[in-house]
Amino acid sequence: MKGSILSFEQVTFTYVPEDEAVKPAVSDLSFSIGEGEWVALVGHNGSGKSTIAKLMNGLLFPQQGTVQAMGLKMSEESLWNIRSQMGMVFQNPDNQFVGATVQDDVAFALENNGVPHEEMVVRVRESLQQVKMADYLDHEPHHLSGGQKQRVAIAGALALRPRLLILDEATSMLDPQGRREVIETIRELREATGLTVLSITHDLEEAALADRVLVMNAGHKQMEGTPDEVFSSGEELTEMGLDLPFAMRMAGLLKQAGVPMTGESMTEHELVEELWTYYSSK
Amino acid sequence: MDILLKQVGYSYAKDTPFEKRALTDVTLHIPSGSYTAIIGHTGSGKSTVLQHLNALLQPTEGSVLIGERKIEAGTKAKNLRDVRKKVGIVFQFPEQQLFDETVLKDIMFGPLNFGVPEEEARRRAIALVEQLGLPEGVLEKSPFDLSGGQMRRVAIAGVLAMEPDVLVLDEPTAGLDPRGRREIMDLFYRLHQEKGLTTVLVTHSMEDAARYADTVAIMHGGKCVATGDVRDVFANEEQLGDYRLEPPRTVRMQREFEEKTGLTLDELALTEEALARSIAQALTEGREPK
Ligand SMILES: Nc1ncnc2c1ncn2[C@@H]1O[C@H](COP(=O)(O)OP(=O)(O)OP(=O)(O)O)[C@@H](O)[C@H]1O
Ligand SMILES: Nc1ncnc2c1ncn2[C@@H]1O[C@H](COP(=O)(O)OP(=O)(O)OP(=O)(O)O)[C@@H](O)[C@H]1O
Ligand SMILES: [Mg+2]
Ligand SMILES: [Mg+2]
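Residues numbered from 1 in each chain as written. Chains lettered and ligands numbered in written order. Predicted model: local features only at pLDDT ≥ 70, side-chain atom pairs only at ≥ 80, totals over all residues. Heavy atoms only, no water.

By the naming in an unreviewed UniProt entry, chain B goes by Energy-coupling factor transporter ATP-binding protein EcfA2 and is assigned to Planococcus maitriensis. A UniProt comment under Sequence similarities (unreviewed entry) is attached to chain B, and it reads "Belongs to the ABC transporter superfamily. Energy-coupling factor EcfA family." UniProt annotates chain B under Subcellular location (unreviewed entry) with the comment "Cell membrane". (UniProt positions renumbered as here; feature names shortened; annotations may be inferred.)

Chain A is annotated in an unreviewed UniProt entry as Energy-coupling factor ABC transporter ATP-binding protein from Planococcus maitriensis. Turning to chain A, the UniProt annotation filed under Sequence similarities (unreviewed entry) states: "Belongs to the ABC transporter superfamily." In its Subcellular location (unreviewed entry) section, the UniProt record describing chain A reads: "Cell membrane".

Right under this line is the structure:
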């Protein structure tokens, strides 16, 4: 693994520190993300994922522990430098829009980062093309469909050409094909530029594509490992309100229905191969 | 309650320079007691259709019949209280419908507004918070000091608390964790069956559409291009492909299995459980010497 681009060291954060009855949203959390990695952050509703994202870009500061990003310790002073290298897509795109038109909105952060006008125009177009919203330059971001809003929010983050891209359920309202396209675009970008990705998601098929998965449970880090490692823990995941990817769920159901399964198939395709082998081996 | 959209057209910001056509000639019948899923890719007009179901938007062409009420283009419909009371909508983004100081007040607002006594409204709110798996102590919190999935649950509670006859759901599971997703979709289904609700679900999850709906409508470019029985719609891969959609995973796996083994399953499996059972059965029968 290359150097760490982001790390949490024993971070604890509470929204209501004055009230002891309120449990911390994030407790004693340590982890590190290597430059160029794709990490999926999963966990039940309220487990602390969005809070972690906000601690990463200095929207929130921990009561205990330290956050480091881009080699700097997160502080009031380093914040702007860190943010300029970070693209963030929030859970609700409406909270993120600042521009009156789609193109102004995408340009906004570039302007703040002092990107020269000509380059800005190029980047705005390019990133909107990447998410297939180039026909909507002059539309008002708030007056778009749900999925269109999410696409524009993603374009805003891509236009920054960040070193680290943080996606907080950024594709939850896209149709399956659109979702695959956007994820593919980001993967290509990562190949080409060495982008690091932290993706918060409830979509376990998407999590299965990551290099590494972090599992949060009630503010604590419950598991950390490759998708294979994490998904092999089966019941522990379902007890936390999570689930397994489709192929693994199907394997379980087939087993219950009396078909001997190895439990090793990770995709539908492998599953069908396995069923065929069984069928033709009598 | 029957709902009928008849040749409905809708343009946002009509007669302004920003006019944007979203619907063209949409005819859609939602029979009382049915469970209809509306599918279609981003921007195809699904949310715009939904907002016609309780007259939040009024058609710029055509008409919408909601039970006895007729909402017609060109005439401003007044006194829509009754319609709003009977048709509850869960919006695509939960923040769109949360507004009150506390979760309790937010959930009680709808029922109180429609004349439900305070005690009863409170009782419903407390029961729903529990049914929707919200954490303890949430009732006195501001709905905006919650996680995304928790806000979604409060928004759903607020609509269920009104006990509508027609439940209209716009991507209700976006942002829910997998268990919440399953439990809450099952809860809608239980209400649908036990109380005879008319249910309309917009979803990008073909799996949920297959599992819960009996009728599927496809939106494409502002038009309703197909409606049909759930099995017929999902069996027609070519048609789905034309509208940049795809069959549910179960259907894709069934097809791949049939192709690979040469076996044919009895019918299109609409759930994972049904698919596993059919495959197990086909394998057993196929393996037995004839
Ligand atoms: N602004 C806030 N004020 C007070 N408490 C909050 C606030 N935002 C979140 N919380 C609480 O902090 C905890 C963690 O919330 P967070 O938003 O990080 O969860 P999450 O893992 O992103 O969940 P989801 O999957 O629902 O988006 C939850 O219990 C939530 O209720
Ligand atoms: N308030 C608005 N003002 C102007 N145009 C709008 C508005 N809301 C939606 N539109 C446009 O109308 C069309 C249909 O939007 P709608 O929200 O109905 O799509 P949708 O099928 O729900 O899409 P998604 O799956 O992305 O939520 C889109 O092209 C969209 O840009
Ligand atoms: Mg969140
Ligand atoms: Mg929509």
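From this point, the discussion proceeds with the structure in view.
Participant: Would you mind going over the site of ligand 1 in detail, with residue names and values included?
Facilitator: The full set close to ligand 1 counts 20 residues, and Lys49(A), Thr51(A), Ser147(B), Gly149(B) and Gln150(B) are the nearest of them. Flanking ligand 1 are residues from chains A and B. Contact between ligand 1 and Gly48(A): an oxygen atom at 2.9 Å from a main-chain N or O atom of the residue. Contact between ligand 1 and Lys141(B): an oxygen atom at 3.4 Å from a side-chain N or O atom of the residue. Those elements that provide at least two residues to the shell around ligand 1 are helix H1 (49-56) of chain A together with helix H5 (148-160) of chain B. The residue makeup of the shell around ligand 1, split by class, is 3 nonpolar, 13 polar and 4 charged. (Near = heavy atom within 4 Å. Polar contact = N/O pair within 3.5 Å; in protein donor to acceptor, adjacent residues only side chain to side chain. Helix = DSSP H or I, 4+ residues; strand = E, 2+ residues; numbered from the N terminus. Nonpolar A, V, L, I, M, F, W, Y, C, P; charged D, E, K, R; others polar.)

Participant: I'd love a proper account of the sheet that holds strand E7 (residues 166-170) of chain B, names of residues and values included.
Facilitator: All names here are of chain B. Strand order across the open sheet formed by 6 strands is E6-E7-E8-E3-E9-E10, with mixed pairing between neighbours. Looking at strand neighbours, the two that pair on one side only are strand E6 (87-90) and strand E10 (223-229), the edges of this open sheet. Geometrically, the sheet is characterised by an average inter-axis angle of 15° between neighbouring strands, direction not taken into account. Relative to strand E8 (residues 198-202), strand E3 (residues 35-39) runs parallel, the two being bridged by 4 bridges. Residue pairing for E8: Ala 37 is matched across the bridge by Leu 201. Set on the sheet, H5 makes contact with E6 and E7; between it and E6 the angle comes to about 180°. Contacting E3, E7 and E8, helix H6 (residues 178-194) runs over the sheet at an angle of about 140° to E3. (Pairing = 2+ DSSP bridges. Axes fitted to C-alpha atoms, helices over the stretch in contact; angles between N-to-C directions. Contact = heavy atoms within 4.5 Å.)

Participant: A description of the pattern of salt bridges should follow, citing residues and the corresponding values.
Facilitator: For the coordinates displayed, the defined rule picks out 33 salt bridges over all chains. Here Lys221(A) makes a salt bridge to Glu224(A), at a shortest N to O gap of 2.6 Å. Its relative accessible area of 31% is what places Lys221(A) among the partly exposed residues. The residue Arg122(B) makes a salt bridge to Glu118(B) at a minimum N-O spacing of 3.3 Å. (Salt bridge = Lys/Arg side-chain N within 4 Å of Asp/Glu carboxyl O. Buried < 20%, exposed > 50% of the residue type's maximum accessible area, 1.4 Å probe, protein only.)

Participant: Break down the interface of chain B and chain A for me, citing the residues and quoting the values.
Facilitator: Between chain B and chain A, the contact holds 42 residues from the first and 51 residues from the second. Between chain B and chain A the total buried area reaches about 4,100 Å² when both faces are included, carbon and sulfur atoms providing 59% of it. Linking chain B to chain A there are 5 salt bridges. Between Glu246(B) and Arg180(A) there is a salt bridge, with the nearest N and O atoms lying 2.8 Å from each other. Where chain B packs against chain A, one counts 18 residue pairs in polar contact (both at pLDDT 80 or more). Listed by contribution, the elements that provide at least two residues to the side of chain B that touches chain A are H5, H6, helix H10 (249-261) and helix H11 (272-287) of chain B. Looking at which element gives the most residues to the side of chain B that touches chain A, the answer is H11(B), with 9 residues. Class assignment of the residues belonging to the side of chain B that touches chain A gives a composition of 13 nonpolar, 13 polar and 16 charged. (Buried area = accessible area lost by both parts, 1.4 Å probe.)

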